[in-house]
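Residue strings, one per chain:
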Amino acid sequence: MSVEISSYDYSLVGKNSKLAEEKGLASAEWYSSPISRKRLKELMQRRDGPAIRDTLIWFALLSLSGFLGYHYWGTWWCVPAFFVYGVLYGSASDSRWHECGHRTAFKTVWMNDVIYEMASFMVLRESTSWRWSHTRHHTDTIIVGRDPEIAVPRPPDLVGIAMAFFSLKSGPKEFHRVFLHCRGRLTDEEATYVPDSERPRVYRVARIWALIYLVTIGLAIYTRSILPLMFIGLPSFYGAWLLVVFGLTQHAGLAENVLDHRLNCRTVYMNPVFRFVYWNMNYHLEHHMFPMVPYHNLPALHAELKADLPKPYNGLWETYREIIPALWQQSKDPTYFVQRQLPPGAKPLPG
Amino acid sequence: MKNEIKDGWVDACAVGDIEPEDVRRFDSGGRTFALYRSNDNKYYATDGLCTHEQVHLADGFVMDHIIECPKHNGRFDFTTGKAQGAPVCVNLQTYPVKVESGRVFIKLG
Ligand code: FES
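An account of the accompanying structure is given in this report. Computed from a predicted model, the values in this text were never measured in an experiment.

The helix and strand inventory of chain B stands at 0 helices and 12 strands. Listing every helix and strand of chain B by position from the N terminus yields β-β-β-β-β-β-β-β-β-β-β-β. Relative to a compact globule of 109 residues, whose C-alpha radius of gyration would be 13 Å, chain B shows 13 Å and is just as compact. Reported as C-alpha extents along the three principal axes, the dimensions of chain B are approximately 40 × 30 × 20 Å. The buried share of chain B, reckoned over its 109 residues, is 52%. Of all intrachain contacts in chain B linking residues separated by at least 6 positions in sequence, the fraction that spans at least 24 positions is 38%. Here chain B contributes 13 positively and 16 negatively charged side chains, and the mean placements of these two sets differ by 5 Å.

This part is about the sheet that holds strand S5 (residues 43-47) of chain B. All names here are of chain B. Taking strand neighbours across the sheet as the criterion, the 4 strands line up as S3-S4-S5-S10 in an open arrangement whose pairing is antiparallel. Single-partner strands in this sheet number two, and they are strand S3 (22-28) and strand S10 (94-95). Pairing between S5 and S10: 2 bridges, direction antiparallel. Its bridge partner lying in S10, Ala-45 is registered against Tyr-95.

On to empty space enclosed by the protein. Remark: the empty space left among the atoms is shown by a probe the size of a water molecule rolled over them. Residues and elements named next belong to chain A. Applying the stated rule across the entire model yields 1 cavity of 30 Å³ or more. Approximately 150 Å³ is the volume attributed to the largest cavity. Lining the largest cavity we find 15 residues, and of these Gly-101, His-102, Arg-131, His-134 and Thr-135 sit closest to its centre. Counting only elements with at least two residues in the lining of the largest cavity, the list comes to helix H4 (78-101) and helix H6 (127-139). Per element, the largest residue contribution to the lining of the largest cavity is 5 residues, and it comes from H6. Per-class residue counts for the lining of the largest cavity are 5 nonpolar, 8 polar and 2 charged.

Strand order in the open sheet formed by 4 strands is S6-S7-S8-S9 (chain B), with antiparallel pairing between adjacent strands. Only two strands of the sheet have a single partner each, and these edge strands are strand S6 (61-63) and strand S9 (82-83) of chain B.

As a further point, take the layout of surface pockets. All names here are of chain A. In this structure, the second largest pocket occupies an estimated 740 Å³ of space. Listing elements by their share of the lining of the second largest pocket, those giving two or more residues are helix H2 (37-44), H6 and helix H16 (284-289). Here the lining of the second largest pocket is composed, by residue class, of 12 nonpolar, 9 polar and 5 charged.

Attention shifts here to the packing of helix H3 (residues 49-71) of chain A against helix H5 (residues 109-123) of chain A. Residue and element names in this part refer to chain A. Relative to each other, H3 and H5 sit at 35 degrees, their axes nearing to 13 Å. When the axes of H3 and H5 are compared, the crossing they make is left-handed. Across the interface between the two elements, Ile-52, Thr-55, Trp-58, Phe-59 and Leu-62 from H3 touch Met-111, Ile-115, Met-118 and Met-122 from H5. Taken together, the residues that form the contact of H3 with H5 break down as 8 nonpolar, 1 polar and no charged.

This part is about the pairing of strand S2 (residues 9-14) of chain B. Residue and element names in this part refer to chain B. For S2, the tally of buried residues reaches 6 of 6 residues, placing the bulk of the element in the interior. Pairing analysis gives 2 bridges linking strand S1 (residues 5-6) to S2, with the strands arranged antiparallel. Along S2, the bridge assignment pairs Ile-5 with Val-10. Taking the residues that link successive antiparallel strands as the turn, the S1-S2 hairpin has 2 residues, and the phi of Asp-7 there is positive, at about 50 degrees. Sheet topology note: the S2/strand S12 (residues 103-107) ladder contains 5 bridges and is antiparallel. Directly across from Val-10, in S12, lies its bridge partner Ile-106.

Another point: the environment of Lys-41 of chain A. In this fold, Lys-41 of chain A is placed in helix H2. A relative accessible area of 12% means that Lys-41 of chain A is categorised as buried. Sequence separation of Lys-41 of chain A and Val-293 of chain A is 252 residues, and the distance between their C-alpha atoms is 8.9 Å. Once residues within four sequence positions are removed from consideration, Lys-41 of chain A is found in contact with Glu-19, Pro-20, Glu-21, Asp-22 and Phe-61 of chain B.

Scoring rules and cut-offs
- Residues numbered from 1 in each chain as written.
- Chains lettered and ligands numbered in written order.
- Predicted model: local features only at pLDDT ≥ 70, side-chain atom pairs only at ≥ 80, totals over all residues.
- Heavy atoms only, no water.
- Helix = DSSP H or I, 4+ residues; strand = E, 2+ residues; numbered from the N terminus.
- Rg over C-alpha atoms; globule rule 2.2 N^0.38 Å.
- Buried < 20%, exposed > 50% of the residue type's maximum accessible area, 1.4 Å probe, protein only.
- Contact = heavy atoms within 4.5 Å.
- Lys, Arg positive; Asp, Glu negative; His and termini not counted.
- Charge placed at Lys NZ, Arg CZ, Asp CG, Glu CD.
- Pairing = 2+ DSSP bridges.
- 1 Å grid on protein atoms, 1.4 Å probe; cavity = no way out; pocket = protein on both sides within 12 Å on 5 of 7 lines; lining within 4 Å.
- Points joined across faces, edges and corners; volume = space filled by probe spheres on them.
- Nonpolar A, V, L, I, M, F, W, Y, C, P; charged D, E, K, R; others polar.
- Axes fitted to C-alpha atoms, helices over the stretch in contact; angles between N-to-C directions.
- Left-handed = near helix turned anticlockwise from the far one by under 90°.

Below is the structure:
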């Protein structure tokens, strides 16, 4: 069950960070649902085909919507075109960033790495520092003082959540980091999870980003139009809303400081269009338990583990009927959280 | 069961105990190792725990000559121990392996 951590200090360099270590919550062993090694090996098999197909479709849709946005620029018709372009750029990039960051989307390593760098830029997450941040998120999922990726710290900042739909908090924060990295520095928090050997890479990538943004801004000034920024830069803001809609379903309102992903992750059934945009990240609980299973096998992994997991959510509607009241309640009482029910017959928590 | 040791070679398992392109955990003398069988039926051994965090590689996934760690997908070439990039930055220790009379032996230093 959840381990008590005093006060809501989410800093990775604050007192809860030490406390999490003392209470055995840092780098701890997590519960795993039973599955035969043979079946898991089948599900872990890598393929290039599905991710190549999905990436070609993604590029084609980006090009088409981008072309229509350009073509109809100056008329109202460019609005739906950039609406689609923005979602593909600022939201679909989240799942590409995630799956390629784990290097499971493609079998071929360089394909994962190329798409990872590209998607990192689009979703506004510097590739190297965020790789390490996500590594920590997997080690210490929703452990207060350890996990740098807790989307909704308690008590929830409801205005901040509303701003997140257009990256209005995370965006400026990331640009500040890029600025620091360009100068060869990390934030104190980043210094807790980015090893020394990786730091030159962080600085190099930040300088490449800065160059791309400077060229785009230069082009906008030269052409006296924001059009270049509608393609590079701004879509990370105006297209980020769907990322937030999907992303909040992963952990918001659930338990903190537990060592069982069944209690702090959600699996949400989604339609095929959403699953294309989200690359099956809606099977989030299964992903956390077995991060070696590629996105295209997550539905099969879900079928395999289902009996040992809490009931999945039937769509975004059902999920938000839980999340919105939970966050509202947490804004008044930060100790409140949604207690997930394990199905009858599920293996009990260890310990 | 106590594993037989002769001239520093420890009897780890039978050849058939590891499937082709797979990995198996082997503990000896308070230490833990990972034993691999490649697709071409060659055997290899490395330290059993990932150099990033203390996670058993035997729960990982073997692809050709690569072992992928189950925790953060860090990869090593298990024939050389070489770390293949973030999040693994430190190489794995490897150990000599021989096969005799249907048994796999690992030479521990
Ligand atoms: S523990 Fe092996 S890659 Fe992190």
